[in-house]
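# Secondary and tertiary structure notes
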Amino acid sequence: MIQLLANTRSKEYPIYLSGGALEESGDLWRSLGRGGKVVIITDSNVAGICLSQVEDSFRAAGVEVDNIVVDAGEGAKSISQASQLYSRLFEMDTRRCDTVCALGGGVVGDLAGFVASTYMRGIGLIQIPTTLLSQVDSSIGGKVGINIEEAKNYVGSFYQPDIVITDPNLLRTLPPEQLSEGLAEVVKYTLLYGEDFFEALEVSYTRFQGLDMAFVEPVIRRCIEYKLAVVSEDERDRGRRAVLNLGHSVGHGIEAAGRYKAYSHGQAVALGLLAALRLSYEVLQLDPEYRDRLRVLLDALGLPVRLEGVDAGEVLSAMASDKKADDTSANMVLLRELGEPVINCDVSATQLEYAVNSLMAVEQGR
Ligand SMILES: NC(=O)c1ccc[n+]([C@@H]2O[C@H](COP(=O)([O-])OP(=O)(O)OC[C@H]3O[C@@H](n4cnc5c(N)ncnc54)[C@H](O)[C@@H]3O)[C@@H](O)[C@H]2O)c1
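Residues numbered from 1 in each chain as written. Predicted model: local features only at pLDDT ≥ 70, side-chain atom pairs only at ≥ 80, totals over all residues. Heavy atoms only, no water.

### Structural notes on the overall build of the chain
Our working definition: Runs of H or I in DSSP of at least four residues are treated as helices and runs of E of at least two as strands, each being numbered from the N terminus. Taken over C-alpha atoms, the radius of gyration is set against a globule rule of 2.2 Å times the number of residues to the power 0.38. Classification of residues uses two cut-offs on accessible area relative to the type maximum, computed with a 1.4 Å probe and protein chains only: under 20% is buried, over 50% is exposed, and between them is partly exposed. Whether two residues are in contact is decided by their heavy atoms: any pair within 4.5 Å suffices. Accessible surface area values rest on a Shrake-Rupley calculation with a 1.4 Å probe, where residue burial reflects the displayed protein chains alone. Charge counting follows a simple rule: Lys and Arg are positive, Asp and Glu are negative, and His as well as the terminal groups are ignored. A single reference atom marks each charge: NZ on Lys, CZ on Arg, CG on Asp, CD on Glu.
Helices and strands together make up the secondary structure of the chain, namely 13 helices and 11 strands. The C-alpha atoms of the chain give 20 Å as radius of gyration, which agrees with the globular expectation for 366 residues (21 Å, within 12%). Principal-axis analysis of the C-alpha atoms gives the chain an extent of 60 × 40 × 35 Å. A buried classification covers 56% of the 366 residues belonging to the chain. At a minimum sequence separation of 6, the contacts of the chain that also span at least 24 residues come to 75%. Per element, the accessible surface of the chain, about 14900 Å² overall, is 46% carbon and sulfur. In the chain, 34 side chains carry a positive charge and 51 a negative one; their mean positions are 4 Å apart.

Shown next as structure tokens:
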């Protein structure tokens, strides 16, 4: 069992990573010495896959456990769903000494984390991420929240969990498109981390797709370690944490311009990474060969490498009205080298327009 330590200003907590960690979740939780009961919040898909296993594990460790199942899908990240959860927790007589366990992907993690952070001004929180995206990204770092009608992730807080239990075996039931979603983030980490990690994925991506755990587990570990290092330095997203937005400024623009239907988040991030590498070449003279290699890798991972059916102009206007407008046209995360991200890079409107437009072209040259 791999044990990593998150060391943020607000809290220190362990992250356990191992195939089979799920069955040990009760003991792992008990080892922290906390009392109270655990209320598992999960979604309607995940409930059928592993809820009983997790409940059994907690009961076997002598922990009182209960559950609440919400509908699967982004729609659950709403104030009305949060409000229902507060009422259910109240009906269950949940007290300050009790703990919420988020068992699911990023939606459940964000929603249950937000509820845990606000119910009785904050109760315990266990994150058990079940998608690749949540294992490498959303379960770490304490960003929790919900959507409002007008915009995604507009209401939330920073609230670190007490423990994260990550079991890569859970990825075996994940639909292939969900694995690709997470792989877009994994690719982002490889670019941020450096040449050797990028190359390892480039060479062995089929081992990831085939869920060869001897490859998958160390890859997830590196992603978690990278995020931990960034978050421990900048928990509240005031500086270095911005590096995690690599590819996301253009990505968010693409998602919004496609009305969140044309492109999923991971697909949009894949295109955003390509745009970021083009700009990294223009602005920071990053070797353009990396963009070619990235395109080949994304394509092999089943992610888009060409913007289709969404207007580049709309992407640019969506970026201009994005909540992180200060990260978009004027300020973006780019790479000087693989493993050398630079935040707040000045990008002119013309350079940005060129990079987004170039996503629509069939790439031949540079
Ligand atoms: N807090 C953060 O730092 C952060 C970072 C990135 C993304 N997010 C958020 O994460 C959310 C997306 O997360 P996601 O991609 O995990 O989506 P998700 O939680 O909706 O999960 C995707 C789908 O997979 C199903 N599923 C989950 N685990 C499964 C399993 N093991 N086997 C089979 N099916 C399974 C779910 O029921 C759902 O239908 C977004 O709301 C996004 O805003 C948060």
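### Comments concerning the domain arrangement of the chain
Stated formally: The split into domains, and so the bounds of each, comes from an automatic or database assignment of domains. Accessible area that two parts lose when put together, evaluated with a 1.4 Å probe and summed over both, is termed the buried area. Whenever a carboxyl oxygen of Asp or Glu lies within 4 Å of a side-chain nitrogen of Lys or Arg, that contact is scored as a salt bridge. Residues adjacent in sequence count toward polar contacts only when both atoms are side-chain atoms; beyond that, a polar contact is any pair of N or O atoms within 3.5 Å, and within protein one must be able to donate a hydrogen and the other to accept it.
For the chain, the assigned domains read domain 1 (2–173) and domain 2 (176–358). Taken together, the contact pairs 30 residues of domain 1 with 29 residues of domain 2. Buried area between domain 1 and domain 2, both sides added, is near 2700 Å², and the carbon and sulfur share of it is 67%. Area buried by domain 1 at its contact with domain 2 is led by Leu 132, Val 136 and Phe 158, which between them contribute 24% of it. For the interface between domain 1 and domain 2, the tally reads two salt bridges. Here Asp 137 ties to Lys 227 by a salt bridge, and the two come within 2.6 Å at their closest N and O atoms. Summed over the shared surface of domain 1 and domain 2, the result is nine residue pairs in polar contact (both at pLDDT 80 or more).

### A closer look at the packing of helix 12 (residues 312–320) against helix 13 (residues 349–358)
The test is simple: Here the axes come from fitting lines to C-alpha atoms, over the contacting stretch only for helices, and the angles between their N-to-C directions go from 0 to 180 degrees. Here the angle decides the label: under 35 degrees means roughly parallel, over 145 means roughly antiparallel, 65 to 115 means roughly perpendicular, and every other value means oblique. By the definition used in this description, the sense in which the near helix is turned from the far one sets the handedness, with an anticlockwise turn below a right angle giving left-handed and a clockwise turn giving right-handed. Only Asp, Glu, Lys and Arg are considered charged in this grouping, and only Ala, Val, Leu, Ile, Met, Phe, Trp, Tyr, Cys and Pro are considered nonpolar; every other residue, Gly among them, is considered polar.
Helix 13 packs onto helix 12 with a crossing angle of 135° between their chain directions and a minimal axis gap of 9 Å. One way to sum up the angle between helix 12 and helix 13 is to call them oblique. When the axes of helix 12 and helix 13 are compared, the crossing they make is right-handed. Mapping the contact onto sequence places Ala 312, Val 315, Leu 316 and Met 319 in helix 12 and Leu 352, Glu 353, Val 356 and Asn 357 in helix 13. Classifying every residue of the contact of helix 12 with helix 13 by side-chain character gives six nonpolar, one polar and one charged.

### Topic: the packing of aromatic side chains
Quick note on the threshold: Classification of ring pairs rests on two measures: the distance between centres of Phe, Tyr or Trp rings, Trp counted by its six-membered ring, which must be within 6.5 Å, and the angle between planes, read as stacked under 30 degrees, edge-to-face over 60 and tilted in between. Any Lys NZ or Arg CZ found within 6 Å of a ring centre and within 35 degrees of that ring's normal is scored as a charge over the ring.
Applying the stated criterion across every chain yields a total of four aromatic pairs. Plain terms: the ring middles of Tyr 193 and Tyr 226 are 6.2 Å apart, the flat faces sit at 50° to each other, and that makes the pair tilted. Residue Tyr 193 is found in helix 6 (residues 176–193), and its partner Tyr 226 is found in helix 8 (residues 213–233); the two are separated by 33 residues along the sequence. Relative to Phe 215, the ring of Phe 208 has its centre 6.5 Å away and its plane inclined at 85°; by these criteria the two rings are edge-to-face. Accessibility assignment for this pair places Phe 208 and Phe 215 in one class, buried. These aromatic residues form a ring-pair network of at least three members: Tyr 189, Tyr 193, Phe 197 and Tyr 226. Positioned above the aromatic ring of Tyr 159 is the side chain of Lys 11, whose terminal nitrogen or guanidinium carbon lies 5.6 Å from the ring centre. In this arrangement the basic side chain of Arg 222 is found over the ring face of Phe 197, its NZ or CZ atom lying 4.9 Å from the centre.

### Notes on the nonpolar core
Put simply, the test is: Residues belong to a common nonpolar core when they are buried Ala, Val, Leu, Ile, Met, Phe, Trp, Tyr or Cys residues joined through side-chain atoms within 4.5 Å.
Ranked by internal contacts, the top residues of the largest apolar core, which has 77 residues, are Ile 15, Leu 132, Val 187, Leu 191, Val 250, Ile 254 and Leu 294. Residue contributions to this core peak at 11 residues, all from helix 10 (residues 265–284). Shared between two domains, this core takes at least three residues from each, and those domains are domain 1 (2–173) and domain 2 (176–358). The contacts of Ile 254, once residues within four sequence positions are left out, are Tyr 263, Ala 268, Leu 271, Leu 307, Val 310, Val 315 and Leu 359. With 23 residues, the next largest nonpolar core counts Val 39, Val 108, Phe 114 and Leu 125 among its residues.

### Observations regarding the site of the ligand
Operational definition: The near set for a molecule or strand comprises every residue that places at least one heavy atom within 4 Å of it.
Around the ligand lies a shell of 24 residues, among which Asp 43, Gly 106, Thr 130, Thr 131 and Thr 173 are the nearest. Contacts to the ligand include Thr 131, whose side-chain N or O atom sits 2.7 Å from an oxygen atom. One of the backbone nitrogen or oxygen atoms of Lys 143 is found 2.8 Å away from a nitrogen atom of the ligand. Against a free-state accessible area of 870 Å², the protein chains account for coverage of 86% of the ligand.

### Let's talk about helix 9 (residues 248–257)
When you tally the buried positions in helix 9, you get nine out of 10 residues, the bulk of the element. Where helix 9 is concerned, the buried positions are His 248, Ser 249, Val 250, Gly 251, His 252, Gly 253, Ile 254, Glu 255 and Ala 257. Contacts from the buried residues of helix 9 go to strand 8 (151–158), helix 6, helix 10, helix 12, strand 10 (331–337) and helix 13. Following helix 9 by one or two positions, Arg 259 has its phi on the positive side, about 55°.

### Brief notes about the packing of helix 9 against helix 12
Where helix 9 meets helix 12, the closest approach of the two axes is 8 Å, and the angle between their N-to-C directions is 115°. When the axes of helix 9 and helix 12 are compared, the pair comes out roughly perpendicular. Taken as a pair, helix 9 and helix 12 cross one another with a handedness that is right-handed. Mapping the contact onto sequence places Ser 249, Val 250, Gly 253, Ile 254, Ala 256 and Ala 257 in helix 9 and Glu 314, Val 315, Ala 318 and Met 319 in helix 12. Grouping the constituent residues of the contact of helix 9 with helix 12 by class yields seven nonpolar, two polar and one charged.

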